[in-house]
Amino acid sequence: MRALVASLAVALLVAGCALAPPPPIAETRQAALPQMVIPPRYAAQPSPAAAAGEGAASIARAPAVVTDGWIAAFHDPTLVALVAEAIAYNSDLRIAQARVEQAQAYLKIAGATLYPQVSVLGRGGGKMSDSSGLSGIGVFVNWELDLWGRVRSGQAFAQAQYDAAQLDAEYARQSVAALVAKGWFLATEARLQQAQASAMREAATKLADLAQERGRVGRGDELDVALAQAAVASLRDTERALAAAYQQAVRGVETLVGRYPAASLEVPVTLAAWPGDVPVGLPSELLERRPDVVAAERRVAGAFHRTEEAKAARLPRITLTASITTISSELFFLKSHDNPVWSLGAGLLQPIFLGGQLQGQVEVRTAEQQQAVAEYGRIGARAFAEVEESLSNGYALADREALLATAVRENARALDLAGVRYRVGVGDLRAVQQQQLALHAAQVQLLRVQAERRVQRVNLHLALGGSFDAPSQMSRGVGTPTHDEARTAAGATSTASGR
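Residues numbered from 1 in each chain as written. Predicted model: local features only at pLDDT ≥ 70, side-chain atom pairs only at ≥ 80, totals over all residues. Heavy atoms only, no water.

Draft legend 1. Highlighting the overall build of the chain. Looking only at helices and strands, the chain features 12 helices and four strands. By the burial criterion, 41% of the 499 residues in the chain qualify as buried. Long-range contacts, defined as pairs at least 24 residues apart, comprise 84% of the intrachain contacts of the chain with a sequence gap of at least 6. Carbon and sulfur atoms provide 58% of the accessible area of the chain, an area that totals close to 26100 Å². (Helix = DSSP H or I, 4+ residues; strand = E, 2+ residues; numbered from the N terminus. Buried < 20%, exposed > 50% of the residue type's maximum accessible area, 1.4 Å probe, protein only. Contact = heavy atoms within 4.5 Å. Areas by Shrake-Rupley, 256 points an atom, 1.4 Å probe, with all protein chains shown as cover.)

Written out as structure tokens, the structure is:
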């Protein structure tokens, strides 16, 4: 009998249908983005002048390929340390990691029923327990034969959810790394803007002293002195506002990395090195490497498996059972009873009428699958838009940096000439002040553009899903370590980052 049941189980397992694979990714993309024709290269390209290297004296245009993570490409060890610290201590990332662990537990639960379920039941007899006086022990085995793939589809859904949770956590790490880098660059810009305002205030102070000296010797008047002192007061106000902006930017970075926002972080006095040109690849690669896009694709696959699970729930469930028990009694004699007792059996459960409940579940899961496809299309379209926007902004800012560098250089020369004319008495103070303001405005714009170029480079890395040469698979691409690695790195480098 046991051999017969075992042979039947093997035959049923062999005859069981294999899981249907989810739709091919190309089919999913077509359904998600029916109107989008992916071009052979990104539409945003450098201007002809920039591509030819015109005006490159003030811009580093040497080609560069990032090979060790885009954070390291800026050659700022403090920034690398801050990113590691943020990944170790940022609260949002701890939430994302907890979701990964939760999905892993669900995966373990979903696969448990693929294996036989074994239980042990023990019972003690005697006058002090119950009137029967029976005692014994039994081992019971229950195994559902997953002929139609209902349980395996549930497990495949849980696996897809786990993969998606891992990818979401990876994208969260990349996003936090990007926020830290952008905050770092903006804090550096604020410090440089503050230093620049201080230099302009000192120059205006010297000009005010010169106006007073000219008035003392009879070559000027009180109007020049009033104008010069008003300019000094305005620049002091600008300097104070920039100091507040600098502290606010520093506090933002400290909050991201999990520190108390005391505005005590030491910020460099120069912007991070420019990492070089953009050797981006084909647009179609974006859908294969960006973590949030791949996570959306895994959710499409998971929704497909859940639909298959609902369909399989309408089919019969076949269960094999086995048990071995031994029973005795101290109160009466058990006639014709063999110990132990073996039992083998099988059961079949076929839903007949549940008021449309099972069909309703199939329709719900089918709608969820359609929703997952639409969500994949939304995320994919957004990813393309973000790459094109970052590329376009980066190329425009490169052109502007070259033009503004020329403007700063020429305004500085014009200010020197205006100062000479005023000192020798052939020019007036208003001309010097106007030129001073023009130089300050050009310097402010140049610093703004230089910092914004770095911010846009960070946006590009985030939009592309990591470094330029990152493989088309889930990885830690941007050079951001895992939580455990980041905690070690943060502890080792906290001194270097001014903690």
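Still more ground to cover, so stick around.
Draft legend 2. Just a nonpolar patch on the surface, in detail. The grouping of Val118, Val120, Ile137 and Val139 at the surface amounts to a nonpolar patch, some 340 Å² of accessible area in total. Counting only elements with at least two residues in the nonpolar patch, the list comes to strand 1 (117-123) and strand 2 (134-145). What makes Val139 partly exposed here is its relative accessible area of 31%. (Patch = residues over 30% accessible without salt bridge, like charges linked within 9 Å, V, L, I, M, F, W, Y side chains within 5 Å. Salt bridge = Lys/Arg side-chain N within 4 Å of Asp/Glu carboxyl O.)

Draft legend 3. Quick look at the packing of aromatic side chains. Applying the stated criterion across every chain, the model contains one aromatic pair. Positioned above the aromatic ring of Trp274, the side-chain terminus of Arg453 is 3.9 Å from the ring centre. (Phe/Tyr/Trp six-rings, centres within 6.5 Å; stacked < 30°, edge-to-face > 60°. Lys NZ or Arg CZ within 6 Å of the ring centre and 35° of its normal.)

Draft legend 4. The pattern of salt bridges, seen in detail. For the coordinates displayed, the defined rule picks out 21 salt bridges. A salt bridge links Glu288 to Arg29; the nearest nitrogen and oxygen atoms lie 3.9 Å apart. Pair noted here: Glu288 is in helix 8 (residues 286-289) and Arg29 is in helix 2 (residues 25-32), with a separation of 259 residues, a long-range link. The partner of Arg150 in a salt bridge is Glu144, with the nearest N and O atoms 2.8 Å apart. Salt bridges linked by common partners bring Arg290, Asp292, Arg382 and Glu386 together as one network.

Draft legend 5. Looking closely at the environment of Ala72. Tracing the backbone shows Ala72 in the loop between helix 3 (48-51) and helix 4 (77-89). Overall, the relative accessible area of 25% leaves Ala72 in the partly exposed class. Through-space distance from the C-alpha of Ala72 to that of Pro275 is 9.1 Å; in sequence the pair is 203 residues apart.

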